[in-house]
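Single-letter residue listing:
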Amino acid sequence: MSLDWLSAFLIYALFTVAGTVGMAQFLHLQMGLAGIGNFGIVGFFGLGMYTYGVFIRRIPWPDAMGDILPFVISMLAAVVVTALAGMLIGWFISDLDGDGVLVGTLGFATVVYSLALSEKRWTGGAEGMAVTDPVGFGTKGNSLFWLGLMLLLVVAATYYVARVHRSPYGRLLVAIGQNEPLARSLGKPTFGIKLSLFAIGSAGMGLIGAIFAVMNHFIRPTEIGIEVTLAVMVGLVLGGSARVWGAVVGVLLTAGLFDIVVQIYLPLPDSWYQITLPVVREMVFGAMLILVLLWRPLGVLGDMRRDKLVARLGRG
Amino acid sequence: MKSFDGRVVVDVDDLILGSNPVEGLIGPNGAGKTTLMRMIMHSVRLDQGTVTFHPGGGSSSVVISSLPAHAMASLGVVKTNQVIQDFEKLTIWDSLLLAAARGRDERPFRIFAEKRVWAQNTAEIKRYLDEFPFASPYGFAKSAGEKKLLDILRCLLLRPKILLLDEPTAGLPADVRDRVMALVRQKAVDEYVSVVIVEHDLNVIWALSDYVHFMAEGSVVLQGDPAWIREHETVVEKYLGKGHVGR
């Protein structure tokens with residue numbers, strides 16, 4: 001089978017889109033179901049990326065361990081650290097209203113960015129740090145390997161989300177999003193549920209960040225700017241934040257269309273790629289968000305249809 | 001005791017609720033009935049004093065005023081809401097299953113627990129839905145009456161040991177109200193649920209309760225059986241008025 005049509009550029013674009021879909025799925029659980037608007041996505045993404053980097057680079061791994069074991073341990077560290085950070089943030093914001101959550105989570109992302117810049121001894125500061133690829137399938141083989149892993153992760157996340165929608169846990173998340181005091185009065189430990197929700201979502205975003213680090217071979221503060229959060233948020237809202245497939249449809253319509261179709265297949269002047277296109281991308285995403293909120297505030301797919309779901313479950 | 005901005009709203013020395021199957025709690029507006037209920041349910045903090053729950057049946061008593069709000073339901077201390085409360089995006093079946101489902105089926109990785117929750121609770125929920133038909137049980141509660149009824153059914157599905165009903169009849173159509181009250185009476189007598197009703201529709205109180213607490217200006221002024229309370233001078237003067245239809 002010839003894979004020549006898969007240019008390095010296309011592989012990387014697919015990888016980015018897949019990562020964005022993955023993060024949008026985790027955001028979907030927090031925002032679409034439980035009603036917690038997490039604007040700190042890039043914070044968790046970045047924390048995972050940097051935790052992986054710091055572990056793989058700053059720990060003197062003995063040669064006898066080979067390449068794979070340090071890689072696995074550092075990945076696990078990224079997942080654990082971001083899960084703990086998620087619980088901490090979840091605890092801080094658990095009693096705040098929507099505005100408070102927005103500011104708190106945005107603040108967290110800023111803290112991560114500032115730490116990445118300032119703690120040069122660990123993070124390499126503005127220059128960043130290089131990380132090596134632990135697998136050896138050649139340049140293109142490696143990229144395909146990480147793309148495959150990311151796609152697997154996205155499929156798993158989507159499957160998990162779809163199952164959550166038809167599980168008692170999902171019903172409880174919706175209840176918390178709709179009326180938390182009422183859920184509490186029905187004996188539901190809403191605080192603990194929100195903490196675990198944040199732990200899971202953050203761990204997922206952190207893992208995606210760590211895989212980005214390996215794919216990029218390089219970790220820099222410019223990778224963890226606000227545009228990561230924007231792409232996830234705009235994609236999810238455009239697709240429909242309350243639906244299982246909202247993240248997939250929305251991100252394909254935004255990042256998918258722009259990063260793949262426009263950037264790769266449209267004959268654009270080469271000089272545009274460095275500065276013009278990223279700016280145009282933000283503008284188009286912003287405009288799309290406004291249009292969606294004006295004409296279809298619940299996204300392309302619309303609101304959740306629990307009446308249909310429950311009727312199907314009830315009739316067996 | 002509870003005060004807001006220095007103004008004492010509820011000041012009860014020593015009150016025992018739930019010694020009889022059905023008890024009524026009545027009093028004029030502003031007497032502190034709802035605040036007292038909220039103090040018991042821990043949705044407002046106590047300034048002084050404690051609330052203790054005696055489950056009976058050999059279990060030891062629990063000081064519930066130091067427990068988190070969500071721990072009350074699993075002890076069997078349950079209250080219906082005076083103001084209509086609902087989950088807008090959950091259907092009627094969802095709402096009832098949510099109330100009935102147990103905590104260990106609602107953990108993040110229990111993604112295959114739905115079938116079990118349905119299997120365990122369908123019979124009980126169907127019984128309630130047969131007795132109180134909703135316009136579309138797989139859909140959403142639309143009218144205020146449906147939402148109020150749903151609130152009460154959710155509380156019954158929690159299998160309460162003590163059930164506080166805060167103005168349960170407000171918004172219910174008369175025939176539904178009578179059936180709800182008959183069901184509540186039956187739960188109290190057959191299943192030993194201690195029921196406390198706060199209600200302005202005094203016909204419900206006189207017809208249903210075995211014992212009545214009368215509150216005025218933040219304290220419980222009188223306690224006794226309904227017939228006696230109904231004729232008592234203080235109650236007549238402070239609440240009912242001489243020509244009240246409820247007498």
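A quick note: this is a predicted structure, and the numbers were derived from the prediction, not measured. For every chain, the first residue of its written sequence is number 1, and the numbers climb from 1 along that sequence. Lettering of chains starts at A and numbering of ligands starts at 1, both following the order in which they are written. The model is predicted, so local features are restricted to residues of pLDDT at least 70 and side-chain atom pairs to those at 80 or more, both for listing and for counting; the totals for chains, interfaces and linings are taken over all residues. Calculated side-chain values reflect all of the structure's heavy atoms, with hydrogen atoms and water omitted.

Trainee: Looking at this model, I keep getting lost on the overall build of chain A. Mind explaining?
Mentor: For helices the rule is a DSSP run of H or I covering at least 4 residues; for strands it is a run of E covering at least 2, with both sets numbered from the N terminus onward. For chain A, the count of helices and strands is 13 helices and 2 strands. The dimensions of chain A, computed from C-alpha atoms along their principal axes, are 55 × 45 × 40 Å. Among the 316 residues that make up chain A, the fraction classed as buried is 53%. Here, residues are in contact when the closest pair of their heavy atoms is within 4.5 Å. Long-range pairs, those at least 24 residues apart, make up 80% of the contacts in chain A between residues at least 6 apart in sequence. Per element, the accessible surface of chain A, about 14,000 Å² overall, is 70% carbon and sulfur. Computed over 20 positive and 17 negative side-chain charges, the inter-centroid distance for chain A is 13 Å. Relative accessibility thresholds used throughout: buried, under 20% of the residue-type maximum; exposed, over 50%; partly exposed, between the two (1.4 Å probe, protein chains only). Exposure was quantified through the Shrake-Rupley algorithm and a 1.4 Å probe, taking into account, for residues, occlusion by the shown protein chains and nothing else. The positive count covers Lys and Arg only, the negative count covers Asp and Glu only, and His and the chain ends enter neither. Positions of charges follow a simple convention, taking NZ of Lys, CZ of Arg, CG of Asp or CD of Glu.

Trainee: How do you make sense of the sheet that holds strand β10 (residues 219-224) of chain B when you look at a structure like this?
Mentor: What holds strands together in a sheet is hydrogen bonding between their backbones, with the strands either parallel or antiparallel. All names here are of chain B. For two strands to count as paired, DSSP must find a minimum of two bridges between them. Read across the open sheet, the 6 strands follow the order β6-β7-β8-β3-β9-β10; overall the sheet is mixed. Each edge of the sheet is formed by a strand with only one pairing partner; in this case those strands are β6 (77-79) and β10. Between one strand axis and the next, the sheet turns through 20° on average, direction left out of account. Pairing of strand β7 (residues 162-166) with strand β8 (residues 194-198), which is carried by 5 bridges, proceeds in the parallel orientation. Directly across from Leu164, in β8, lies its bridge partner Val196. Whenever a helix is involved, its axis is fitted only over the stretch in contact; in every case the axis is a line through C-alpha atoms, and angles between N-to-C directions fall within 0 to 180 degrees. The strands touched by helix α9 (residues 233-240) are β3 (22-26), β9 (211-216) and β10; relative to β9, the strand with the most contacts, the crossing angle is about 55°.

Trainee: Would you mind going over the confidence of the model for chain B with me for this structure?
Mentor: Any segment with low pLDDT has predicted coordinates that should not be analysed in fine detail. Looking at any residue, its pLDDT shows the predictor's confidence there, from 0 to 100. When pLDDT is averaged along chain B, the result is 85; 93% of the residues meet or exceed 70. With pTM at 0.91, the complex prediction returns an ipTM value of 0.89.

Trainee: Just to check I follow, could you spell out the interface of chain A and chain B for this structure?
Mentor: Put simply, an interface is often sized by how much accessible area is lost when its parts join up. Counting residues at the interface gives 34 residues for chain A, matched by 35 residues for chain B. At the boundary of chain A with chain B, total buried surface from both sides reaches about 3,100 Å², with 67% on carbon and sulfur atoms. The term buried area means the drop in 1.4 Å probe accessible area that two parts suffer when joined, counted for both and summed. If you sort the residues of chain A by the area they bury against chain B, A:Pro168, A:Arg171 and A:Leu186 come out on top, with a joint share of 22%. Throughout this description, the term salt bridge denotes a Lys or Arg side-chain nitrogen within 4 Å of a carboxyl oxygen of Asp or Glu. Joining chain A to chain B, the criterion identifies 5 salt bridges.

Trainee: Looking at this model, I keep getting lost on the side chain of A:Ser202. Mind explaining?
Mentor: Residues and elements named next belong to chain A. Its place among the elements puts Ser202 in helix α9 (residues 190-216). Among the polar contacts listed, one links the side chain of Ser202 to the backbone oxygen of Phe198, at a separation of 2.5 Å. Once residues lying within four places of it in the same chain are set aside, the contact partners of Ser202 are Gln30, Phe44, Thr82 and Gly86. Whenever two N or O atoms come within 3.5 Å, that pair is a polar contact, provided that in protein one can donate a hydrogen and the other can accept it, and provided that, for residues adjacent in sequence, both atoms are side-chain atoms.

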